[in-house]
Amino acid sequence: MIRLWRILRLLWRSEPGAMWRGAALSVVVLLMGVALLGLSGWFITATGLAGLAGIGIAFDVFRPSAGIRFLALGRAAARYGERLLTHDATLRALTRLRVRLLERLETQSFAELRRLRGAVALTRITADVDALDGVVLRLALPVAAALLAHVAAFAALWALTSHAVAMSIALGYVLGGGVVLWRLGRATLGLSSRAERAMQALRQGAIGLFRGRREAILQGTLPRWRAALDETEAEARAAMDRLDAVDTGAGLMLSVIVTLVAAGVFALSGWLVAGREIDPALAAVGVFVALALPETLLPLRRGMAEIGRMRDAADRVLVDVPEAPPEQRAMPSAPARATAALEVRHLSMTRPGWARLLVHDLGFAVAPGETLAIRGASGLGKSTLLDVLAGVLPATAGEVLLQGTPLAAWPAPPLRDTLTLVPQRSALIAGSIRENLALADPALTDADARAALETVALADALDARDGLDTQLGEGGAGLSGGQARRLVLARALLRRPAVLLLDEPTEGLDPGTAARVLAGVRAFLPRAAILTASHRSAELASADRVISLESYIPNVE
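What counts and what doesn't
Residues numbered from 1 in each chain as written. Predicted model: local features only at pLDDT ≥ 70, side-chain atom pairs only at ≥ 80, totals over all residues. Heavy atoms only, no water. UniProt positions renumbered as here; feature names shortened; annotations may be inferred. Helix = DSSP H or I, 4+ residues; strand = E, 2+ residues; numbered from the N terminus. Rg over C-alpha atoms; globule rule 2.2 N^0.38 Å. Buried < 20%, exposed > 50% of the residue type's maximum accessible area, 1.4 Å probe, protein only. Contact = heavy atoms within 4.5 Å. Areas by Shrake-Rupley, 256 points an atom, 1.4 Å probe, with all protein chains shown as cover. Lys, Arg positive; Asp, Glu negative; His and termini not counted. Charge placed at Lys NZ, Arg CZ, Asp CG, Glu CD. Salt bridge = Lys/Arg side-chain N within 4 Å of Asp/Glu carboxyl O. Patch = residues over 30% accessible without salt bridge, like charges linked within 9 Å, V, L, I, M, F, W, Y side chains within 5 Å. Pairing = 2+ DSSP bridges. Axes fitted to C-alpha atoms, helices over the stretch in contact; angles between N-to-C directions. Parallel < 35°, antiparallel > 145°, perpendicular 65-115°, else oblique. Nonpolar A, V, L, I, M, F, W, Y, C, P; charged D, E, K, R; others polar. Core = buried A, V, L, I, M, F, W, Y, C linked by side-chain atoms within 4.5 Å. Right-handed = clockwise from strand over helix to strand, strands pointing away. Phe/Tyr/Trp six-rings, centres within 6.5 Å; stacked < 30°, edge-to-face > 60°. Expected span 1.5 Å × (residues − 1). Polar contact = N/O pair within 3.5 Å; in protein donor to acceptor, adjacent residues only side chain to side chain.

For the protein, the name recorded in an unreviewed UniProt entry is Transport ATP-binding protein CydC, with Salipiger mucosus DSM 16094 as its organism. Check the Subcellular location (unreviewed entry) section of the UniProt entry for the protein; it says "Cell membrane".

Structure (structure tokens):
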């Protein structure tokens, strides 16, 4: 529960003003509801007694009725304000939390970020953040408001009615209702966690079936996939049904407590009235307050039933969210001048999780305007080398210098403005071609976009459709593999980097188109240092120099 408190503090600090105002209105709503029923009970009873006594014409009905109208209208207005403030503040706080999560993700290694692209991780992160709105809206605020409302009601009943009435209501609701809610939280702690895991598995299975439906049909496995999804859905429904059953049982117990407390207070008030220890109209106040206070208990069921889900989400999110944004390192004020745009000195590297070195004592330099090709068979480590040169994976030994400055000394924004990596698998977003290209330059003009598309020999193919307004599906669906790679390359060119790293840039292209694209890239970036990793002849032929990675593999027999 300490994690829930930390999450509450994190969310509260994001929008403290709106949170405090919403909390105050939550208390006002409950107090006005209790006061409304209490005053109504007193008014009805006092009016009846005045009529029986024959003094009805002298009874002041205007001020109590005005009070009832004020409380009714004020309660509605306070409820609206409370919902508006608390929901708006919570959504704003969750937005800030998502930003903090993204800031944390920026500090993770490239290998970790690649793993996060999977449906499991993305679905978990989304569901965890969504679950945390309940910490404020269904747990913290309702519990705090309920306790304050009970304290105020207890003090008012103690002063207006009888100590016995005040104690009976307090013990019945705070003690009895508290025990039921505590047992509900204990019983659903594991159930809500299992239900959430089952629902996430169902979402992931549905997404997987949707994305892989073509392959499933071609392989004849669609019925098996569908059967597995149906089984997952049955498990999720069963988990939710068990959770609902426990929640319904707790609701029944709370209803029983409400009935017993109201009946007990009614009997106690009648006994006190019969003994002339309390005025009948004031006795009615206690009965009606007993009927109003359940409003403070019943809404707590949902929050207590989901406390396990919130706890697990808080555990995972707090691992990913730092207490403060990571500090940016400053660039050296006067970087050393160098003729090489990119220089590698005595570099050794390995893949994440491997003990064996892929490359040992590699060294080279690429000057502005020069193209260097790294040649090697598949699996030798060309992609890993580009990741190291781009600063997304650490080197085992040696160093990489960008414009004469060690790569580790560059803060992220200037580094990404100076050096751009186009990996084998790059992401495209659902949207137009223009929106995909604008990721590289928010101020992109149509002329610049078209120039980049012509550079990669993609403009004519898109003109046959809707040009820059051509719509793509999720992940760039709607383009062939070669077209998607060229669109990613065009987006990288629009950044106009000083150093461009290309991993198999012409994979999937015919030799003529590949040569045209490579020539266009050099024409678009005449002063850039370009390094390609490939085993294709078109890329090797377009390079000024070629380095064979086999020469730097250790322990080759």
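Structural notes on the overall build of the protein
Across its full length, the protein carries 21 helices and 11 strands. Taking 557 residues into account, the globule formula puts the C-alpha radius of gyration at 24 Å, and the protein, at 34 Å, lies well above it. Projecting the C-alpha coordinates of the protein onto the three principal axes gives extents of approximately 110 × 55 × 50 Å. Among the 557 residues that make up the protein, the fraction classed as buried is 46%. Counting only contacts in the protein whose residues sit at least 6 apart along the sequence, the fraction spanning at least 24 positions is 80%. Carbon and sulfur atoms provide 61% of the accessible area of the protein, an area that totals close to 28100 Å². Taking the 60 positively charged and 52 negatively charged side chains of the protein as two groups, their mean positions are separated by 3 Å.

Describing the pattern of salt bridges
Within this structure, the stated rule accounts for 20 salt bridges. For glutamate 306, the salt bridge identified is with arginine 309, shortest N-O distance 3.9 Å. Summarising the burial analysis for this pair, glutamate 306 and arginine 309 share the class buried. Residue aspartate 463 is joined to arginine 450 by a salt bridge in which the shortest nitrogen-to-oxygen separation is 2.7 Å. Of the two residues, aspartate 463 is situated in helix H18 (residues 459-463) and arginine 450 in helix H17 (residues 446-455); the sequence distance between them amounts to 13 residues.

Some details on a nonpolar patch on the surface
Side chains of Trp158, Met167, Leu171, Leu175 and Val179 sit close together on the surface and give an oily, nonpolar patch of about 450 Å² of accessible area. Counting residues per element, the nonpolar patch draws most heavily on helix H7 (residues 163-211), which supplies 4 residues. Locating methionine 167 in the fold gives a position in helix H7. Take methionine 167: its relative accessible area is 35%, and that puts it in the partly exposed class.

Observations concerning the sheet that holds strand E3 (residues 371-375)
One open sheet holds the 5 strands; their spatial order is E6-E9-E10-E3-E11, and the pairing between them is parallel. Every interior strand has two partners, whereas the edge strands, strand E6 (419-422) and strand E11 (545-548), have only one. For this sheet the average axis-to-axis angle between neighbouring strands, irrespective of direction, equals 15 degrees. Note that strand E9 (residues 499-503) and strand E10 (residues 529-534) share 5 bridges and pair parallel. Its bridge partner being in E10, leucine 500 is matched across the sheet by isoleucine 530.

Brief notes about the pairing of strand E1 (residues 342-349)
As defined by bridge partners, E1 adjoins strand E2 (residues 359-366) across 5 bridges and the pair is classed as antiparallel. Counted as the bridge partner of glutamate 343 is alanine 365 from E2. Where E1 and strand E4 (residues 397-402) come together, 5 bridges link them in antiparallel fashion. For valine 344, the partnering residue across the bridge sits in E4 and is valine 400.

Points about the packing of helix H9 (residues 222-274) against helix H10 (residues 280-292)
What describes two packed helices is the angle between their axes and the distance between those same axes. Two elements in contact, H9 and H10, have axes whose closest approach is 9 Å; the angle formed by their N-to-C orientations is 175 degrees. With respect to their mutual orientation, H9 and H10 come out roughly antiparallel. When H9 is examined against H10, the residues Ala262, Val265, Phe266, Ser269 and Val273 are found in contact with a partner set consisting of Pro280, Ala283, Gly286, Val287, Ala290 and Leu291. For the contact of H9 with H10, the residue count by class is 9 nonpolar, 2 polar and no charged.

Description of the sheet that holds E1
Pairing between the strands of a sheet is mediated by backbone hydrogen bonds and can be parallel or antiparallel. Here 4 strands make up an open sheet; going across it, the order is E2-E1-E4-E5 and the pairing antiparallel. In this open sheet, the two strands that pair with only one neighbour each are E2 and strand E5 (405-406). Sitting on the sheet, helix H14 (residues 382-389) is in contact with E1, E2 and E4, with an inclination near 125 degrees to E1.

A closer look at the nonpolar core
Among the nonpolar cores identified, the biggest contains 58 residues, and Leu132, Ile169 and Tyr173 are the most heavily contacted of them. The residues touching leucine 132, leaving out its near neighbours within four places in the chain, are Ile7, Leu11, Leu94, Leu97, Met310, Ala313, Ala314 and Val317.

Side note on the pairing of E9
Counting buried positions along E9 yields 5 of 5 residues, so the element is predominantly enclosed. Burial of E9 is two-sided: the residues Val499, Leu501 and Asp503 facing one way and the residues Leu500 and Leu502 facing the other way are all buried. Where the polypeptide runs from E9 across helix H20 (residues 511-524) and back to E10, its parallel neighbour, the crossover connection is right-handed.

So, unusual backbone geometry
Not every positive phi belongs to a glycine, and arginine 276 is a case in point at roughly 55 degrees. Looking at where arginine 276 falls in the secondary structure, it is placed in the loop between H9 and H10. Arginine 276 gets classed as exposed once you look at its relative accessible area, which sits at 78%.

Here's the deal with the packing of H7 against H9
Their axes nearest at 9 Å, the elements H7 and H9 cross at an angle of 170 degrees. Comparing the axis directions of H7 and H9 gives the class roughly antiparallel. Of the residues that constitute the contact of H7 with H9, the class distribution is 33 nonpolar, 10 polar and 5 charged.

Section: the packing of aromatic side chains
Remark: the centre distance and the inter-plane angle together describe each pair of aromatic rings, the angle taken between the planes. All told, the structure shown has 1 aromatic pair when counted by the stated rule. Judged by centre distance (5.4 Å) and plane angle (50 degrees), the rings of phenylalanine 154 and tryptophan 158 are tilted. With phenylalanine 154 and tryptophan 158 both in helix H6 (residues 133-160), this residue pair falls 4 residues apart, about one helical turn. Judged by relative accessible area, which is 36%, tryptophan 158 ranks as partly exposed.

Remarks on H10
Spanning 13 residues, H10 covers 19 Å between terminal C-alpha atoms, matching the ideal 18 Å at 1.5 Å per step. Taken together, the buried positions of H10 are Ala281, Ala283, Ala284, Val285, Gly286, Val287, Val289, Ala290 and Ala292. If you check the start of H10, you find a side-chain oxygen 2.9 Å away from the backbone N of alanine 281, and it comes from aspartate 279.

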